[in-house]
Amino acid sequence: MPKNENVFSSATAAATAWRRRVGSRMVHRGWRWVQNAGAVTAARPGPLRFGRIGEGTRLAFPQGTVFGEPWIHLGDHCVIGEQVTLTAGMMPGLDLGPDPVLCLGNGVVLGRGSHVVASVPVVFGNDVYCGPYVYVTSDNHSYDDTTQPVGKQWPRTAPVEIGSGSWLGSGCVILPGARLGRNVVVAAGAVVRGEVPDFAVVAGAPARIVRRWDPDTGWQPPLRTPPPLPVPEGVTPEQLLALADLEDPA
């Protein structure tokens, strides 16, 4: 004999599951609309009035803390992730003079949750890529008076420069006075101060050079893995997927 089924309970459970699925879709669809509407571009700056925001540059929504916009210049085709803080000056409402203070070159990428804090010039070259939660600052707490809380003592400041083509790994910190050359790699979690030459890899806290390119001998120490082969010109994504299927032993 088949077991008795509560048809009403089954129908109620099915209706509840359907409402939850529909509600989930509506919430995600609404959030995507909010993210698109809240993104900042040159054509849609919202409440922000940057000194310059280049063509193709986009600040994802929600933005982090942003102030001193007239002294912030953003290059073309920059990608600014969610909750990224960009500040010029110690606090909002200051007159910082005629020149920009925080400058991003063209094609700069700032990962989610990153902070760039500038009261004196902080300059990113072109095509600088930053992972999430990178911290770049021209200001650092001083500790001259042991009778006062550190947070109340006037900070020391120094300009910062990030060379074109560099990569800043997740969670790294770039301190006041740092000057990174071209195509520098900063390892995740590194703390960088002082000068870093072109074509160097730095890691650690404090960061030190762990690998560097020499025109005569190449990378020193040598790379542990061979460089990847470039994709032949004219190969389509579909052909690459088909090739991957052929190479998969499964």
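Residues numbered from 1 in each chain as written. Predicted model: local features only at pLDDT ≥ 70, side-chain atom pairs only at ≥ 80, totals over all residues. Heavy atoms only, no water.

Caption draft 1: Just the overall build of the protein chain, in detail. Broken down by element type, the protein chain carries two helices and 24 strands. In terms of C-alpha radius of gyration, the protein chain reaches 25 Å, well past the compact-globule figure of 18 Å for 250 residues. When each of the 250 residues of the protein chain is scored for burial, the buried share is 32%. Excluding contacts between residues fewer than 6 apart, the proportion of contacts in the protein chain whose partners are at least 24 apart in sequence is 29%. Accessible area of the protein chain: about 15,800 Å², with a carbon and sulfur share of 59%. Computed over 21 positive and 21 negative side-chain charges, the separation of the two mean positions in the protein chain equals 12 Å. (Helix = DSSP H or I, 4+ residues; strand = E, 2+ residues; numbered from the N terminus. Rg over C-alpha atoms; globule rule 2.2 N^0.38 Å. Buried < 20%, exposed > 50% of the residue type's maximum accessible area, 1.4 Å probe, protein only. Contact = heavy atoms within 4.5 Å. Areas by Shrake-Rupley, 256 points an atom, 1.4 Å probe, with all protein chains shown as cover. Lys, Arg positive; Asp, Glu negative; His and termini not counted. Charge placed at Lys NZ, Arg CZ, Asp CG, Glu CD.)

Caption draft 2: Representation of the nonpolar core in the model. Leu110, Phe124, Ile174, Leu180 and Val186 are the most contacted members of the largest nonpolar core, which has 41 residues in total. Those residues in contact with Ile174 that lie beyond four places of it in its chain are Tyr135, Val136, Thr137, Val160, Ile162, Leu168, Leu180, Val186 and Val192. (Core = buried A, V, L, I, M, F, W, Y, C linked by side-chain atoms within 4.5 Å.)

Caption draft 3: How the structure looks around the side chain of Thr137. Within the fold, Thr137 resides in strand β12 (residues 135-137). When its relative accessible area of 2% is taken as the criterion, Thr137 is described as buried. The contact partners of Thr137, leaving out residues within four places of it in the chain, are Val117, Val160, Ile174, Leu175 and Pro176.

Caption draft 4: View of the sheet that holds strand β1 (residues 52-53). Strand order in this open sheet of seven strands is β1-β4-β7-β10-β15-β18-β21, and the pairing throughout is parallel. Every interior strand has two partners, whereas the edge strands, β1 and β21 (195-196), have only one. (Pairing = 2+ DSSP bridges.)

Caption draft 5: Structural view of the packing of aromatic side chains. Per the stated rule, a full pass over the model turns up two aromatic pairs. Summarising the aromatic geometry, the rings of Trp31 and Phe61 are spaced 6.2 Å apart at their centres and angled 50° between planes, so their arrangement reads as tilted. Here Trp31, found in helix α1 (residues 7-38), pairs with Phe61, found in the loop between β2 (58-59) and β3 (66-67); they are 30 residues apart in sequence, far enough to count as distant. Relative accessible area serves as the criterion here: at 41%, Trp31 is assigned to the partly exposed category. With relative accessibility at 25%, the residue Phe61 sits in the partly exposed group. With a centroid separation of 5.7 Å and an interplanar angle of 70°, the aromatic rings of Trp213 and Trp219 are classed as edge-to-face. In this structure Trp213 comes out as partly exposed when scored by relative accessible area, which is 39%. On the accessibility criterion, Trp219 (27% relative accessible area) is partly exposed. (Phe/Tyr/Trp six-rings, centres within 6.5 Å; stacked < 30°, edge-to-face > 60°.)

Caption draft 6: Structural context of the pattern of salt bridges. If you walk through the whole model with that rule in mind, you get four salt bridges. Measuring nitrogen to oxygen at the nearest pair gives 2.6 Å for the salt bridge that ties Glu82 to Arg112. One end of the pair, Glu82, is in the loop between β5 (79-80) and β6 (85-88); the other, Arg112, is in the loop between β8 (109-110) and β9 (115-118), with 30 residues separating them in the sequence. Classification of Arg112 as partly exposed rests on a relative accessible area of 43%. Note that Arg156 and Asp144 form a salt bridge whose closest N and O atoms lie 2.8 Å from each other. In this pair, Arg156 is assigned in strand β14 (residues 156-157) and Asp144 in the loop between β13 (139-140) and β14, connecting sequence segments twelve residues apart. Residue Asp144 is classed as exposed on the basis of its relative accessible area, which comes to 55%. (Salt bridge = Lys/Arg side-chain N within 4 Å of Asp/Glu carboxyl O.)

Caption draft 7: Representation of a positive patch on the surface. Residues Arg21, Arg25, Arg29 and Arg32 make up a contiguous surface patch of positive charge. Residue placement: Arg32 occurs in helix α1. (Patch = residues over 30% accessible without salt bridge, like charges linked within 9 Å, V, L, I, M, F, W, Y side chains within 5 Å.)

So yeah, pure geometry; function would need other evidence.
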